[in-house]
Amino acid sequence: MEQIINMEEQFEARIANEIRIEPKDWMPDAYRKTLIRQISQHAHSEIVGMLPEGNWITRAPSLKRKSILLAKVQDEAGHGLYLYSAAETLGITRDQMYADLHSGKAKYSSIFNYPTLSWADMGTIGWLVDGAAIMNQVPLCRTSYGPYARAMVRVCKEESFHQRQGFEIMMVLCKGSNEQKEMAQDAFNRWWWPTLMMFGPRDAESPNSETSMRWKIKRFSNDELRQRFVDMMVPQAEYLGLTVPDKDLKWNEERGHYDFGEVDWEEFWNVVKGNGPCSKSRLQARIDAWEDGAWVREAAMAYAEKQERRSSKTQVVSSKTESGRIVA
């Protein structure tokens, strides 16, 4: 018991001194579980997030736009793989993470349960959604768990490029015809509030934020990040000539921040519970992909086993030959 207390004290001291925790270091079970939940949820969000964008690859307005969107979706797949690998260092298997997602036990970002209705949605997702992701993820480059922090460095670099690409789409639309400008405004109207929901529940209603911040897994609270996002995005919307769909939005000189309206928390919790507009179809798409890809996994495993047997056999023959030479 005394040994465990000493380990906990050493762990807390490392956290306080900004020394990263590595996979082989001792850590409390609650810290490990919190990381598994957060990293796997992050990984699931990257993979499920490919679906609303992948839907537009064949319908992009030009070959250039198709190739850019294809590259972006490929980046998101890579982000998911980095994050699954980081979670695996905590002792959970990738198959278990997939099973938790498919059963509904594990969650992913609520934003990916909304439909993409026009090409402007691709610009809005890149600009707003990836912008919110960057706001969330840049502090994670300094998170207390080493593998997670290192994975986030590359993820954030690529997400920053995605955000610029989305803003460029919106700028082209806003400078185009009246129909294009209206399409951009419509997409902005539909994605603004769901994007604010991405930062999670209010601090007072977030069961995990306080612990995550104490262990420096998170660096800022949900409400702090949401405020930073609004402050960053409103001037960009004004530059594009778009109207923020919030009648309560106004600059507060005394606070030095924008005041903004209340998120529809009933909608947020409804989506989190799996009742979003696309919740069932998005989850089913992941389940179908897993089941349809079973033969590929089986073939890959069979090939790997065959190669391992062949390698072992070659090593035995080589060893016997070498032994014979030594005897001779």
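Attention here is on the structure that accompanies the text. (Residues numbered from 1 in each chain as written. Predicted model: local features only at pLDDT ≥ 70, side-chain atom pairs only at ≥ 80, totals over all residues. Heavy atoms only, no water.)

**Side note on the packing of aromatic side chains**
Working step 1: For the structure on display, the rule yields 17 aromatic pairs.
Working step 2: Relative to tyrosine 31, the ring of phenylalanine 11 has its centre 4.9 Å away and its plane inclined at 70 degrees; by these criteria the two rings are edge-to-face. One end of the pair, phenylalanine 11, is in helix α1 (residues 2-16); the other, tyrosine 31, is in helix α2 (residues 29-48), with 20 residues separating them in the sequence.
Working step 3: Assessed through its relative accessible area of 2%, phenylalanine 11 is described here as buried.
Working step 4: Ring geometry for tryptophan 265 and phenylalanine 268: centres 5.5 Å apart, planes at 85 degrees, overall edge-to-face. Of this pair, tryptophan 265 and phenylalanine 268 both sit in helix α11 (residues 265-275), three residues apart, which is roughly one turn of the helix.
Working step 5: The class of tryptophan 265 is buried, set by a relative accessible area of 9%.
Working step 6: A connected cluster of aromatic rings, assembled from ring pairs, spans Trp127, Phe167, Phe188, Trp192, Phe199, Phe229 and Tyr239.
Working step 7: Note that arginine 297 overlies the ring of tryptophan 290, its terminal NZ or CZ placed 3.5 Å from the centroid. (Phe/Tyr/Trp six-rings, centres within 6.5 Å; stacked < 30°, edge-to-face > 60°. Helix = DSSP H or I, 4+ residues; strand = E, 2+ residues; numbered from the N terminus. Buried < 20%, exposed > 50% of the residue type's maximum accessible area, 1.4 Å probe, protein only. Lys NZ or Arg CZ within 6 Å of the ring centre and 35° of its normal.)

**Side note on the pattern of salt bridges**
Working step 1: Tallied over the entire structure, the rule returns 17 salt bridges.
Working step 2: Aspartate 130 is the salt-bridge partner of lysine 72, the closest N and O atoms lying 2.8 Å from each other. Placement of the pair is lysine 72 in helix α4 (residues 63-88) and aspartate 130 in helix α6 (residues 120-137), with a sequence separation of 58 residues. Aspartate 130 carries the same exposure label as lysine 72, and that label is buried.
Working step 3: When the shortest N-O distance is used, the salt bridge between aspartate 121 and arginine 190 registers 2.6 Å. (Salt bridge = Lys/Arg side-chain N within 4 Å of Asp/Glu carboxyl O.)

**Details of unusual backbone geometry**
Working step 1: The phi dihedral of glutamate 18 falls on the positive side, at around 60 degrees, and the residue is not glycine.
Working step 2: For lysine 216, which is not a glycine, the phi torsion comes out positive at approximately 60 degrees.

**Remarks on the side chain of serine 221**
Working step 1: In this structure, serine 221 sits in the loop between α9 (209-214) and α10 (222-240).
Working step 2: For serine 221, a relative accessible area of 9% puts it in the buried group.
Working step 3: Those residues in contact with serine 221 that lie beyond four places of it in its chain are Asp203 and Met213. (Contact = heavy atoms within 4.5 Å.)

**Here's the deal with the nonpolar core**
Working step 1: With 50 residues, the main nonpolar core has Trp127, Leu128, Phe188, Trp191, Trp192, Phe229 and Leu242 as its most contacted residues.
Working step 2: Of all the elements in the fold, those that place two or more residues in this core are α4, α6, α7 (146-174), α8 (178-197), α10 and α11.
Working step 3: If we ignore the near neighbours within four places in the chain, the residues touching tryptophan 127 are Gln163, Gly166, Phe167, Met170, Phe188, Met233, Gln236, Ala237, Leu240 and Leu242. (Core = buried A, V, L, I, M, F, W, Y, C linked by side-chain atoms within 4.5 Å.)

**With respect to the packing of α6 against α10**
Working step 1: At their nearest, the axes of α6 and α10 sit 10 Å apart, and the two run at 145 degrees to each other. Where α6 crosses over α10, the two elements pack in a sense that is right-handed. Contact with α6, carried on its side by Trp127, Leu128, Gly131, Ala132, Met135 and Asn136, involves Leu225, Arg228, Phe229, Met232, Met233, Gln236, Ala237 and Leu240 of α10 and no other residues of that element.
Working step 2: Grouping the constituent residues of the contact of α6 with α10 by class yields 10 nonpolar, three polar and one charged. (Axes fitted to C-alpha atoms, helices over the stretch in contact; angles between N-to-C directions. Left-handed = near helix turned anticlockwise from the far one by under 90°. Nonpolar A, V, L, I, M, F, W, Y, C, P; charged D, E, K, R; others polar.)

**What to know about the side chain of threonine 195**
Working step 1: Mapping threonine 195 onto the fold places it in helix α8.
Working step 2: Among all residues touching threonine 195, those that are not within four sequence positions of it are Ile111, Leu128, Val129, Ala132 and Phe229.

**Observations concerning α4**
Working step 1: Between its first and last C-alpha atoms α4 spans 38 Å; for 26 residues at 1.5 Å apiece the expected length is 38 Å, and the two agree.
Working step 2: Among the residues of α4, those classed as buried are Arg65, Leu69, Lys72, Val73, Glu76, Gly78, His79, Gly80, Leu83, Tyr84, Ala86 and Ala87. (Expected span 1.5 Å × (residues − 1).)

**Notes on the packing of α6 against α8**
Working step 1: Look at α6 against α8: their axes get within 9 Å of each other, and the N-to-C directions meet at 30 degrees. Relative to α8, the element α6 lies roughly parallel. Both α6 and α8 take part in a crossing whose hand is right-handed. Mapping the contact onto sequence places Ala120, Asp121, Thr124, Ile125, Trp127, Leu128, Val129 and Ala132 in α6 and Met183, Ala184, Ala187, Phe188, Arg190, Trp191, Trp192 and Thr195 in α8.
Working step 2: When the residues that make up the contact of α6 with α8 are grouped by side-chain class, the tally is 12 nonpolar, two polar and two charged. (Parallel < 35°, antiparallel > 145°, perpendicular 65-115°, else oblique.)

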